[in-house]
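# Remarks on the overall topology
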Amino acid sequence: MNNKTAVGNAIGKIILMGEHAVVYGKPAIAIPFPVTKVKTTIYRKRGPVLLDCFYYKGILSGAPEILLGLTQVIKDITKSFKEELEDFSINIESIIPPERGMGSSASIAIATIRALYDFFNRPLTYEELLRWANVSEKIVHGNPSGIDAAIVSGEKTLYYIKGKPFMPFEFKLNAYLVVGDTGKEGQTKAAVEGVRQLIEFNIEEGRAMIEELGILAMSAKNSITINNAEKLGQVMTKAHIILDRLGVSDDSLNLLVSAAMDNGALGAKLTGGGRGGCMIALASDREQADYISNKLLNSGAQNTWISSLGVDSIDK
Ligand code: MEV
């Protein structure tokens, strides 16, 4: 029996364009967001497996349903190693706000998968990491496109199309991204299901909106390639209007998107699953990003982050 303490880390993510449409095979752009991160520590402790995280502290078998994806992966990995599911404890520290469209569930799963492989001294390939992460994501989100697991595990900006080889690309734009947290938990699973129902009951209109979101994601990629922040801002705002019509925005997100636009943002939209969670705004320079960030906080945002897109670094 080893007595090692094992650690696994993972970062958060931001979807710039293409959420929801990506479930239907349209392209999406997602960027790693290292300012938000998760650390899982596993250590030897006699007795039943214990889990200590934001949602729950206690024995693994008593964890609430919201952690089902994570607990299933822990059980399946341990079984695949032919190890006993006992005599260790798992501690998860996360500064990714949960259920805010920042990839918290994928990040928690990925940090924990890395820690488990380390704890049991097994080599972990990238393919295995992704496969396990998607086992968890399927339980958490029902019908995930796989974008969250892909971006969190690979930590590179991706132009992502479900089922296609990953397409990393260099993201250098003379602009800043402001992320605003509504403070309200998003509902990715319900939002994905809502979109599915809308398409089922209103096939033509639903499909047209998904199609348009795909075209906007392609246009966003072109705007980034030619370093045209104004154009990227415009397509972001157009995407938000469609996402709102698809039923995945809400008053809290629309309020922050309007506050950003009223205060000089080049564009603004929700990010991730929606129905709460986070929004993003594009600013032309750092001064404008700070200004928008303050306005978002004055308008009720619980937290904001600013990221320079020019040098791929997170400034706050
Ligand atoms: C969630 O971060 C992104 C969605 O498009 C769902 C998915 O792609 O699995 C809403």
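To be clear, the structure that these remarks concern was listed above.
The paragraphs below set out a description of the structure included in this document. These numbers come from a predicted model, not from an experiment.

This part covers the pattern of salt bridges. Taken as a whole and assessed by the stated rule, the structure comprises 14 salt bridges. R46 is the salt-bridge partner of D87, the closest N and O atoms lying 3.6 Å from each other. Placement of D87 in strand β5 (residues 86-94) and of R46 in strand β2 (residues 28-48) is noted, with a sequence separation of 41 residues between them. For R46, a relative accessible area of 65% translates into the label exposed. Salt-bridge contacts for R122 lead to E83; the nearest nitrogen and oxygen are separated by 3.4 Å. Note that R122 is positioned in the loop between α2 (104-119) and α3 (126-141) and E83 in the loop between α1 (68-80) and β5, a separation of 39 residues in sequence.

Core analysis: the largest hydrophobic core is formed by 105 residues, its most contacted members being L16, L51 and L282. Take this core: its biggest share by element is nine residues, from α2.

Within helix α4 (residues 147-154), seven of the eight residues are buried, which leaves the element mostly enclosed by the surrounding structure. If you check which residues of α4 are buried, you get I147, D148, A149, A150, I151, V152 and S153. Where α4 is buried, its residues touch β1 (6-17), β2, α2, α3 and β6 (158-160). At the exit of α4 stands E155, carrying a positive phi of roughly 55°.

Rules used throughout
Residues numbered from 1 in each chain as written. Predicted model: local features only at pLDDT ≥ 70, side-chain atom pairs only at ≥ 80, totals over all residues. Heavy atoms only, no water. Salt bridge = Lys/Arg side-chain N within 4 Å of Asp/Glu carboxyl O. Helix = DSSP H or I, 4+ residues; strand = E, 2+ residues; numbered from the N terminus. Buried < 20%, exposed > 50% of the residue type's maximum accessible area, 1.4 Å probe, protein only. Core = buried A, V, L, I, M, F, W, Y, C linked by side-chain atoms within 4.5 Å. Contact = heavy atoms within 4.5 Å.

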